[in-house]
Protein chains: 2
Amino acid sequence: MKKRPLRIKDIAEILNISVSTVSRALRDTYDVNPETRKRVLEVANQLKYKPNMHASALASGNTRNIGVVIPFITNYYFSTVISGIQETAYTNGYNLILLVTNDNAEREQSMIENLAITSLDGLLVSISSNSSMVDHFQSLIDDGISVVFFDRVPENIDATKVMQDDFQGAFDATKHLINNGYTRIAHIAGNKHLSFTQNRLSGYLEALKKHNLPIRQEWIIYSGFSQQCGEEDTHELFKLQEQPDAIFAVNDRKAVGAIITLKKEGYHVGKQIGVIGFTNDPISTIIEPSLSTIEEPAFEIGKESCELLIKHIANKKILPREIILPSTLIVRDSSKRETL
Amino acid sequence: MKKRPLRIKDIAEILNISVSTVSRALRDTYDVNPETRKRVLEVANQLKYKPNMHASALASGNTRNIGVVIPFITNYYFSTVISGIQETAYTNGYNLILLVTNDNAEREQSMIENLAITSLDGLLVSISSNSSMVDHFQSLIDDGISVVFFDRVPENIDATKVMQDDFQGAFDATKHLINNGYTRIAHIAGNKHLSFTQNRLSGYLEALKKHNLPIRQEWIIYSGFSQQCGEEDTHELFKLQEQPDAIFAVNDRKAVGAIITLKKEGYHVGKQIGVIGFTNDPISTIIEPSLSTIEEPAFEIGKESCELLIKHIANKKILPREIILPSTLIVRDSSKRETL
DNA sequence: TTATAAAAATGAAAGCATTAAATAATCAAA
DNA sequence: TTTGATTATTTAATGCTTTCATTTTTATAA
């Protein structure tokens, strides 16, 4: 039943040449007579030769496998990033090995530690939000395997990182609220450990400062990233004596939670209370009022990080660098004072 | 810089025993003195031995890699299925190789044909919606690699398939509309080629028949699966002379499109026109009115298909079978005549 | 033209880390 | 002793890459 797949050896026998010549001809990277190469490729195509990845990996040390470590895949941002990664991995002949941490630091650590690193050329990672320890990644890097971090990047590690412009995005979002006449702007933030939480917070603070608006600690709430967290944080905010008149949420899911809570509590979102998010999740066009937000270049982040990783794999001597991709303000109804 | 990883050979030298004994001890599958095994495992743990997947795959023929062929990952259903797959693959020591077809039959075919099948033990696939040809899968199966289809399964192939109960779900959805007093029920369907489109259509028709309601061909529209298709189809429906008073959409995204269009055209969704979807995408709780739907067991489908695939890999003689997982009606506001 | 060096093309064989089949050694029971 | 069971070792095999050696071809100088 199980057909024995065609090997290089078989091609060599058919053409009456040596195995090494076939191997070289197939890889287009050594001195081989163009005529010979042509004949080899012809037979290979004809007989649908598929290289045995394992043999090749074993002999050469290059596996053509990339690991992707990611907290979730069931959300718009991450699944879009993966699309970008997959696209460039595929066109460059790399396979993707998916490692979903469920945003759980222990699981992340055990996954990395149990990883058969010999089977990977490199790793693309977005750390889980409660992982402050990153030794397991450092030792991976020390072992000589290339790692590129994206979006959720650790601060205390010297590696290539790819992010959107979180500071500028947050600054633009906050400024947009200010420009639209909101003056008492709260921020429902994410997990403190993550550097993008810090960057978005900084952008928010900077915008307030620039416009001489008050910064009040009780208007800044750290929690998780879910819609429910958004609901709880908002509830919290509107129990305060001094209530804000706008909310900048660290992401769209929390912003959605905010809108839902505000509506439930009888506020008119937009007219009374402005809301803006971050991501441009498709849900932001569905919710009412539609959600203003900062668009993140998710697909490009995936593409860019994968390209950088492949470069690192090809040349171990490239120095780490940080890439920041621009994000764009998208205005919808949740931040409009006038309309409605 | 690059540390040479620990090999079986190193362990053997340390313990002064042969390589094969170490190999067997590590795999717990041959007669090895329990004492010896204990010592081997001790050293392996101590020195953090990680097996070389490629060497192992080459020698044994088992790669512990599973390919997942999927139209998209940026949607709730598929990303949830992948979560289920990933979970069981991981606990069984399998890696996932992701192949995203972008719902494009040619791309699907070329991906499969260029696949280094030697590097996969099996394949989990959900076919792209315009792929009526499935020869590339058949030849994979003929080559002896295990394939399990899920959700979007081809009809003309004898293989294990895992689906939700599309017929019953559609029947329940339609019946629910009927019970709530809607009598002129339209169906905005998906791509004709896919068997689940057919099954959902059958469920819909069956429910109408059972309640002696009219079946009108112009109330059944086939198109794609996107929100935009939902909008267009709905627009189409309400240009007719005889207009329906309810819509059963093949999935939630189309139902969302329907609701948006209906609202735009001034209809009161629920009170005037009932809408029900299929999937239970989180968006169905966000849209207003909230969307009634049929919940699909996406995570379980991923889990179940992966488990079945692993069984097939372990025992090539298992006969193909079809698994149908139940789906459940979830009632929200879009199908309520009275409320609002 | 011939001899010789240089370059280009090819081949043989070792090696990659593991598994597995075929032996071998050990020891107890018959 | 012989037999059988248990445990361990030797050796071959997996399919490919790569180093080193060899052959063939081409260019250069005598």
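Our subject in this report is the structure included herewith. (Residues numbered from 1 in each chain as written. Chains lettered and ligands numbered in written order. Predicted model: local features only at pLDDT ≥ 70, side-chain atom pairs only at ≥ 80, totals over all residues. Heavy atoms only, no water.)

**Focus: the sheet that holds strand β8 (residues 246-249) of chain A**
Residues and elements named next belong to chain A.
Next, step 1: Pairing is parallel in the open sheet, where four strands are placed in the order β7-β6-β8-β9. Bordering the open sheet on either side are β7 (220-222) and β9 (274-276), each of which pairs with just one other strand. Each neighbouring strand pair of the sheet contributes to a mean axis angle of 15°, computed without reference to strand direction.
Next, step 2: As judged from the four bridges shared by strand β6 (residues 185-189) and β8, these two strands associate in the parallel manner. Counterpart to H187 in the pairing with β8 is F248.
Next, step 3: Each of β6, β8 and β9 touches helix α8 (residues 166-179); the most contacted strand, β8, lies at about 165° to it. (Pairing = 2+ DSSP bridges. Helix = DSSP H or I, 4+ residues; strand = E, 2+ residues; numbered from the N terminus. Axes fitted to C-alpha atoms, helices over the stretch in contact; angles between N-to-C directions. Contact = heavy atoms within 4.5 Å.)

**Observations concerning the packing of helix α1 (residues 8-15) of chain B against helix α2 (residues 19-27) of chain B**
Residues and elements named next belong to chain B.
Next, step 1: Orientation of α1 relative to α2, taken along the N-to-C sense of each, is 110°, at an axis distance of 8 Å. As far as their axial angle goes, α2 and α1 are roughly perpendicular. Where α1 approaches α2, its residues I8, K9, I11 and A12 are matched on the opposing element by V19, V22, S23 and L26.
Next, step 2: Grouping the amino acids of the contact of α1 with α2 by side-chain chemistry returns six nonpolar, one polar and one charged. (Parallel < 35°, antiparallel > 145°, perpendicular 65-115°, else oblique. Nonpolar A, V, L, I, M, F, W, Y, C, P; charged D, E, K, R; others polar.)

**Remarks on the relation of the copies chain B and chain A**
Two copies of one chain are present, and they are related through a rotation about an axis combined with an axial shift.
Next, step 1: Taken as rigid bodies, chain B and chain A are interconverted by a rotation of 180° and an axial shift of 0.0 Å, the fit giving an RMSD of 0.1 Å. Such a combination of rotation and displacement between the chain copies is what one expects of a two-fold axis. Among all residues of chain B, the one whose C-alpha sits closest to the rotation axis is H54(B), at a distance of 2.3 Å.
Next, step 2: Interface overlap between copies: 100% of the residues of chain B at the interface are likewise at the interface in chain A, consistent with a symmetric, same-surface contact. (Least-squares fit on C-alpha atoms with pLDDT ≥ 70 in both.)

**Some thoughts on the protein's contact with DNA strand D**
Next, step 1: What surrounds DNA strand D is a group of 26 residues, the closest being I8(A), S23(A), Y49(A), R24(B) and T36(B).
Next, step 2: Backbone sugar and phosphate groups make up 65% of those atoms of DNA strand D lying within 4 Å of the protein.
Next, step 3: One nitrogen or oxygen atom from the side chain of R24(B) is found 2.7 Å from a base oxygen belonging to DNA strand D.
Next, step 4: Those elements giving two or more residues to the surface near DNA strand D turn out to be α2 (19-27) and α4 (53-60) of chain A together with α2 and α4 (53-60) of chain B.
Next, step 5: Here the surface near DNA strand D gets five residues from one element, more than from any other, and that element is α2(A).
Next, step 6: Residues of the surface near DNA strand D, tallied by class, amount to ten nonpolar, ten polar and six charged. (Near = heavy atom within 4 Å. Polar contact = N/O pair within 3.5 Å; in protein donor to acceptor, adjacent residues only side chain to side chain.)

**Quick notes on the sheet that holds strand β6 (residues 185-189) of chain B**
Residue and element names in this part refer to chain B.
Next, step 1: In spatial order, the strands read β7-β6-β8-β9; together these four strands make up an open sheet with parallel pairing. Each of the sheet's edge strands pairs with one partner strand only, and the pair in question is β7 (220-222) and β9 (274-276). Between one strand axis and the next, the sheet turns by 15° as a mean value, whatever way the strands run.
Next, step 2: For β6 and β7, the ladder comprises three bridges, and the chain directions are parallel. Paired with H187 across the bridge in β7 is I220.
Next, step 3: Helix-sheet contacts for helix α9 (residues 195-210) involve β6, β7 and β8 (246-249), and the interaxial angle to β6 is about 175°.

**Let's talk about the environment of M163(B)**
Residue and element names in this part refer to chain B.
Next, step 1: Relative to the helices and strands, M163 resides in strand β5 (residues 160-164).
Next, step 2: Since its relative accessible area comes to 6%, M163 is described here as buried.
Next, step 3: Considered as a pair, M163 and T183 are 20 residues apart in the sequence and their alpha carbons are 29 Å apart.
Next, step 4: Discounting residues that sit within four places of it in the chain, M163 has contacts with D151, V153, I301, E322, I323, I324 and L325. (Buried < 20%, exposed > 50% of the residue type's maximum accessible area, 1.4 Å probe, protein only.)

**Digging into the pairing of strand β3 (residues 122-125) of chain B**
Residue and element names in this part refer to chain B.
Next, step 1: Burial along β3 is two-sided: the face carrying G122 and L124 and the face carrying L123 and V125 are both buried.
Next, step 2: Of the strand pairs in this sheet, β3 and strand β4 (residues 146-150) are connected by four bridges, and their pairing is parallel. Bridge assignment links G122 to a residue of β4, and that residue is S146.

**Some details on the packing of aromatic side chains**
Residue and element names in this part refer to chain B.
Next, step 1: One pass over the full model with this rule turns up 14 aromatic pairs over all chains.
Next, step 2: With a centroid separation of 6.5 Å and an interplanar angle of 45°, the aromatic rings of F248 and F278 are classed as tilted. Here F278 lies in the loop between β9 and α12 (283-286) and F248 lies in strand β8, a separation of 30 residues in the sequence. Each member of the pair, F248 together with F278, is buried. (Phe/Tyr/Trp six-rings, centres within 6.5 Å; stacked < 30°, edge-to-face > 60°.)

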